[in-house]
Amino acid sequence: MLINKHILVGVCGSIAAYKSALLVRLLVKAGADVRVIMTPDAAAFITPLTLSTLSKHPVLTNLVKNNEGEWNNHVDLGLWADALVIAPATANTLGKFANGICDNLLTAVYLSARCQVYIAPAMDLDMLAHSSTKQNIQKLISFGNTIIEPGFGELASGLVGEGRLAEPEEIVSFLADKMAQSADLMGKRVLITAGPTYEAIDPVRFIGNHSSGKMGFALAAAAAKRGASVVLVAGPTSLVPSHPNIHLIPVVSAEEMFTACVGEYGNCDLAIMSAAVADYTPEHVAASKIKKQEDTFTISLTKTKDILKELGSRKKAGQVLIGFALETDNELTNAQKKLVGKNADLIVLNSLKDTGAGFGTDTNKVSLLSANGDIQHLELMAKNMVANHILTAAVKLL
């Protein structure tokens, strides 16, 4: 699954840099188009000539190409890559990545990359075990990066322990598995909802909620990257789709979202209802702005149409339907009731009691409840990582 893939290999200043030669050779042999970026210190351990010969492309080491003002465009490099692999990754570079420090070409490309980033640390065991290194690694994971765990063995210092760069064969195998996963929705049509709905009271005011749409947009981006053709029905949000395979249908009200979803569902293989749809809407909408005249004011509300339940009643053989449940009390019980009552295949449960989960955050902490009774509890992680866990579960159901 590496044939014709664009792989950027970042090499840092570590004795383990000698392994990058074999890594580049194996990636090229697997059919990948490989470009190499070296930090200034990396050249003390392995020559750019070696890696340029093996990759069949010039090795990039600086932002500026020559004295005539030409530069290596880090933005273009970040957009070109299907994957950015840092091997070996030193403690120094881990710290820069984790804290947004941009002082060389590799850190600039990292901050510009839209692809998945794979980081293979290599350092002495005490450096790896240091609290600052551990904290940086956890930050990088929370940003959505993937860590390729170092191995155990004799280190350059003569000590024995964790810190050895993963073997090049292991890194290539790991990448191939991940790339295979990245195409597992090829040819599938996926319907996703995102964001809040706004239920009008009058031309000025509405009933809404705090949903930002981040989870739904993360799902749409992840599904598109895995090969799907995505229809994204989104309520009011400032977010915009990040992938050309995402077709956006903007809506405002629960009724508009219902109509769009019912119209699209019949042609979809997978539907993920992650939007925070209003349960009630004003029974009557005032034609003009309501003036503040009375001491009290009553709004009569009526139930909105249940999108998930309607899709569940229409579900055909081969279709997979996933719903979301945001709960504050009796979370598991309520989510299980929703799973059965809506004829869903999977419910994604998250609780407002969990710090870092819920509306407006870049992270989420969820549990996946399957119709067969299985429950998978995920740790707090970036929403793009949550999205891929949900999609992996969906692929198994498909």
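I will try to describe carefully the structure that is included in this document. Source: prediction; values computed, not measured.

### Digging into the sheet that holds strand 1 (residues 6-11)
Then step 1. As summarised here, the arrangement of the five strands in space is 2-1-3-4-5, forming an open sheet in which the pairing is parallel. The sheet is open, and its two borders are formed by strand 2 (33-38) and strand 5 (146-147), each paired with just one other strand.
Then step 2. Across four bridges, strand 1 lies against strand 3 (residues 83-89) in parallel orientation. Residue pairing for strand 3: Val9 is matched across the bridge by Val85.
Then step 3. Its contacts with the sheet place helix 1 (residues 19-29) against strand 1, strand 2 and strand 3, and it is angled at close to 180° to strand 1.
Then step 4. Helix 2 (residues 48-55) contacts strand 1 and strand 2 of the sheet and is inclined by roughly 170° relative to strand 2.

### Remarks on helix 4 (residues 91-99)
Then step 1. Those residues of helix 4 lying buried are Thr93, Leu94, Gly95, Lys96, Phe97 and Ala98.
Then step 2. Those residues of helix 4 that are buried lie in contact with strand 3, helix 5 (105-112), strand 4 (116-121) and helix 7 (131-142).

### Observations concerning the packing of aromatic side chains
To describe a pair of aromatic rings, one takes the distance between the centres and the angle between the planes.
Then step 1. Taken as a whole, this structure holds three aromatic pairs when the rule is applied.
Then step 2. Taken together, a centroid distance of 4.0 Å and an interplanar angle of 15° make the contact between Phe97 and Tyr110 stacked. Remark: Tyr110 occurs in helix 5 and Phe97 occurs in helix 4; sequence separation between them is 13 residues. With respect to burial, Phe97 and Tyr110 carry one shared label: buried.
Then step 3. Ring plane angle 85° and centroid distance 6.1 Å describe the contact between Tyr118 and Phe174, whose orientation is recorded as edge-to-face. In this pair, Tyr118 is assigned in strand 4 and Phe174 in helix 8 (residues 168-181), connecting sequence segments 56 residues apart.
Then step 4. A relative accessible area of 5% means that Tyr118 is categorised as buried.

### Here we look at the packing of helix 1 against helix 8
Then step 1. Where helix 1 meets helix 8, the closest approach of the two axes is 9 Å, and the angle between their N-to-C directions is 40°. Considered as vectors, helix 1 and helix 8 are oriented oblique to each other. As helix 1 packs across helix 8, the resulting crossing turns out to be right-handed. Residues Lys19, Leu22, Leu23, Leu26 and Leu27 of helix 1 touch helix 8, and the partners they reach there are Pro168, Glu169, Ile171, Val172 and Leu175.

### Concerning the sheet that holds strand 11 (residues 229-234)
Then step 1. Pairing within the open sheet is mixed, and its eight strands lie in the order 12-11-8-13-16-17-19-20. Among the strands making up the open sheet, the edge pair consists of strand 12 (246-250) and strand 20 (375-377). In this sheet, neighbouring strand axes are inclined to one another by 15° on average, regardless of whether the strands run parallel or antiparallel.
Then step 2. Pairing of strand 8 (residues 189-194) with strand 11 involves six bridges; the strand directions are parallel.

### Things to note about the pairing of strand 2
Then step 1. Across six bridges, strand 1 lies against strand 2 in parallel orientation. In the sheet register, Ile7 faces strand 2, and the bridge partner there is Val34.
Then step 2. After leaving strand 1, the chain enters helix 1 and then returns to the sheet as strand 2, a path that is right-handed.

### Quick word on a nonpolar patch on the surface
Then step 1. A cluster of nonpolar side chains, namely Tyr280, Phe297, Ile299 and Leu301, defines an oily patch on the protein surface of about 390 Å² accessible area.
Then step 2. Mapped onto the elements of the fold, Phe297 is located in the loop between strand 14 (280-282) and strand 15 (301-303).
Then step 3. By relative accessible area, which is 55% here, Phe297 ends up exposed.

### A short note on the environment of Ser173
Then step 1. Counting through the fold element by element, Ser173 comes out in helix 8.
Then step 2. When its relative accessible area of 39% is taken as the criterion, Ser173 is described as partly exposed.
Then step 3. Once the C-alpha coordinates of Ser173 and Asp184 are considered, the two residues, eleven residues apart in sequence, prove to be 17 Å apart.

Definitions and cut-offs
- Residues numbered from 1 in each chain as written.
- Predicted model: local features only at pLDDT ≥ 70, side-chain atom pairs only at ≥ 80, totals over all residues.
- Heavy atoms only, no water.
- Pairing = 2+ DSSP bridges.
- Helix = DSSP H or I, 4+ residues; strand = E, 2+ residues; numbered from the N terminus.
- Contact = heavy atoms within 4.5 Å.
- Axes fitted to C-alpha atoms, helices over the stretch in contact; angles between N-to-C directions.
- Buried < 20%, exposed > 50% of the residue type's maximum accessible area, 1.4 Å probe, protein only.
- Phe/Tyr/Trp six-rings, centres within 6.5 Å; stacked < 30°, edge-to-face > 60°.
- Parallel < 35°, antiparallel > 145°, perpendicular 65-115°, else oblique.
- Left-handed = near helix turned anticlockwise from the far one by under 90°.
- Right-handed = clockwise from strand over helix to strand, strands pointing away.
- Patch = residues over 30% accessible without salt bridge, like charges linked within 9 Å, V, L, I, M, F, W, Y side chains within 5 Å.
- Areas by Shrake-Rupley, 256 points an atom, 1.4 Å probe, with all protein chains shown as cover.
- Salt bridge = Lys/Arg side-chain N within 4 Å of Asp/Glu carboxyl O.

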